[in-house]
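If you want the building blocks of each chain, they are given just below.
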Amino acid sequence: MNRIFSGMQPTRQLHLGNYLGALRNWVALQNEYECIFCVVDLHALTIDQQPEVLRNNIREVAAAYIAAGIDPDKNILFNQSFVAGHSELSWILSCYTPLGWLNRMTQFKEKAGKHREMANLGLYSYPVLMAADILLYKATHVPVGEDQKQHLELARDIAGAFNRHYDTEFFPLPEPQILGEATRVMSLRDGTKKMSKSDESEYSRINMTDDADTIAQKIRKAKTDPEPLPDTLEDLEKRPEADNLVTIYAALSGETREQAIQRFAGAQFSQFKTALLDAAVAHLAPITQRMNELLADKAEIDRLLRKGGERAEAIASKHLAEVKDIIGLLRP
């Protein structure tokens, strides 16, 4: 069976964009693939972390996975740092990765900004660790958002470079999967910016832990424009805030964007927002409730992560041993 690998960082709270753009699609994939879902806590270290906050965030992301519908018995669910092979393979693969490849990564340029010389090495080499995450399990498919597609292409390049160097086909070249209507959910305050955990405004996003009243308040305050909703996708795409809200509604209601715009063509935003918040609350409330139940028992979350980590380690250690044999490292 083909194997999926994917993960999310435990940095701040997961939001609607994380759910619609990734997590919800993972739930569907678990019926078609062998799936490994990871809380990528090592990646989170590229920004400053408070230890207790980080521990709580790891548990919260794991709880979100399960509450959204990921079955921890059917799939492997664990936190990345449990398996040392991620870091070890990352170092090995970095020795086959030219600096020129990393210099092309646009996400590093965006995050480092004007102070690139002060950026940490982890941020720069982040894509190599991501490649190691995927290749350690010989994953064949990776569900990614548009912002991570370049990193996955690099993982394919690194796998290919390793295979060519040793005249082997050891690593598969993982294929990207970009799924669903809402692969890129935008900010509720600015339809040209991606919904983000790091945005200073709480009103820019709907967190997965928000209650019904908070969701309603954020949707009512979401930025719009003065015109009624258009009747064609072509006109909708010229209006970023309207396009974003219709995209979110379509994803939550199970409709296409075209079906949604036909339903609300000519409507005022006040009418449309009522339908949107009803759909959001109906969809997210059961997930939030389940998350809260899970987070009330931290020991159980830790047990599930440990169990998943042991299953992941069994696969990772076998593949890492084979890599060492290929490259000539002695294993007495």
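Located above this text is the structure these notes cover.
Below, the structure is looked at part by part. (Residues numbered from 1 in each chain as written. Predicted model: local features only at pLDDT ≥ 70, side-chain atom pairs only at ≥ 80, totals over all residues. Heavy atoms only, no water.)

Topic: the overall build of the chain
So, point 1. A tally of helices and strands in the chain yields 13 helices and five strands.
So, point 2. For a compact globule of 332 residues, the expected C-alpha radius of gyration is about 20 Å, and the chain comes in at 21 Å, within 12% of that figure.
So, point 3. Counting only C-alpha atoms, the chain reaches 70 × 45 × 40 Å along its principal axes.
So, point 4. Put simply, the chain has 332 residues, and 52% of those count as buried.
So, point 5. For the chain, the proportion of contacts with a sequence separation of at least 24, taken over those separated by at least 6, is 75%.
So, point 6. Of the roughly 15,600 Å² of accessible surface on the chain, a fraction of 49% belongs to carbon and sulfur atoms.
So, point 7. Both charge centroids of the chain, one from 39 positive and one from 46 negative side chains, sit 3 Å from each other. (Helix = DSSP H or I, 4+ residues; strand = E, 2+ residues; numbered from the N terminus. Rg over C-alpha atoms; globule rule 2.2 N^0.38 Å. Buried < 20%, exposed > 50% of the residue type's maximum accessible area, 1.4 Å probe, protein only. Contact = heavy atoms within 4.5 Å. Areas by Shrake-Rupley, 256 points an atom, 1.4 Å probe, with all protein chains shown as cover. Lys, Arg positive; Asp, Glu negative; His and termini not counted. Charge placed at Lys NZ, Arg CZ, Asp CG, Glu CD.)

Quick notes on the side chain of E60
So, point 1. Mapped onto the elements, E60 comes out in helix α2 (residues 51–68).
So, point 2. One buried charged side chain, E60, makes no salt bridge at all; its nearest oppositely charged neighbour is K197, positioned 8.7 Å away.
So, point 3. If we skip the residues at most four places from it in the chain, E60 touches Q13, L14, T209, M291 and L295. (Salt bridge = Lys/Arg side-chain N within 4 Å of Asp/Glu carboxyl O.)

Section: the pattern of salt bridges
So, point 1. All told, the structure shown has 19 salt bridges when counted by the stated rule.
So, point 2. Note that D235 and K238 form a salt bridge whose closest N and O atoms lie 3.8 Å from each other.
So, point 3. A residue is classified by how much of its surface remains accessible, and D235, at 31% relative accessible area, is partly exposed.
So, point 4. For R290, the salt bridge is made with E293, and the minimal N-O distance between the two is 3.5 Å. Taken together, the residues R290 and E293, both in helix α12 (residues 269–295) and three residues apart, mark about one turn of the helix.
So, point 5. Among the charged side chains, a salt-bridge network with shared partners connects E202, R205, D210 and K218.

Some thoughts on the packing of aromatic side chains
So, point 1. Following the criterion strictly, the structure yields 13 aromatic pairs and no others.
So, point 2. Summarising the aromatic geometry, the rings of F78 and Y137 are spaced 6.1 Å apart at their centres and angled 65 degrees between planes, so their arrangement reads as edge-to-face. Here the residue F78 occupies a position in strand β3 (residues 76–79), and Y137 occupies one in the loop between α6 (121–135) and β4 (141–143), the gap between them amounting to 59 residues.
So, point 3. Centroid distance F170 to F171: 4.9 Å. Interplanar angle 75 degrees. Geometry classified as edge-to-face. Like F171, F170 is buried.
So, point 4. Taken together, Y96, F162, Y166, F170 and F171 form an aromatic cluster joined through their ring pairs.
So, point 5. Sitting above the plane of the Y203 ring, K221 keeps its charged end 5.8 Å from the centroid. (Phe/Tyr/Trp six-rings, centres within 6.5 Å; stacked < 30°, edge-to-face > 60°. Lys NZ or Arg CZ within 6 Å of the ring centre and 35° of its normal.)

Thoughts on the environment of K74
So, point 1. Position of K74 among the secondary structure elements: in the loop between α2 and β3.
So, point 2. Taking the C-alpha atoms as reference points, K74 and Q30, separated by 44 residues in sequence, lie 8.0 Å from one another.
So, point 3. Discounting chain neighbours no more than four positions away, the residues touching K74 are Q30, N31 and R311.
So, point 4. Here Q30 takes part through its backbone oxygen, which lies 3.3 Å from a polar atom of the side chain of K74.
So, point 5. Polar contacts involving the side chain of K74 include one to the side chain of N31, which spans 3.0 Å. (Polar contact = N/O pair within 3.5 Å; in protein donor to acceptor, adjacent residues only side chain to side chain.)

Focus: α12
So, point 1. Given a rise of 1.5 Å per residue, 27 residues ought to cover 39 Å, and the 36 Å separating the end C-alpha atoms of α12 matches this to within 8%.
So, point 2. The sharpest bend along α12 measures roughly 35 degrees and falls at L284, with the proline P286 sitting one to four residues further on.
So, point 3. Structurally, α12 contributes buried residues whose contacts are with α1 (16–29), α2, α8 (212–220), α10 (240–253), α11 (257–264) and α13 (298–327). (Expected span 1.5 Å × (residues − 1). Bend = angle between axes of the 7 residues up to and from the residue.)

Examining the side chain of N244
So, point 1. Position of N244 relative to the elements: it lies in helix α10.
So, point 2. Relative accessible area serves as the criterion here: at 5%, N244 is assigned to the buried category.
So, point 3. One polar contact links the side chain of N244 to the main-chain amide nitrogen of M186, over a distance of 2.9 Å.
So, point 4. N244 has contacts with V185, M186, S187 and L188, leaving out every residue within four places of it along the chain.

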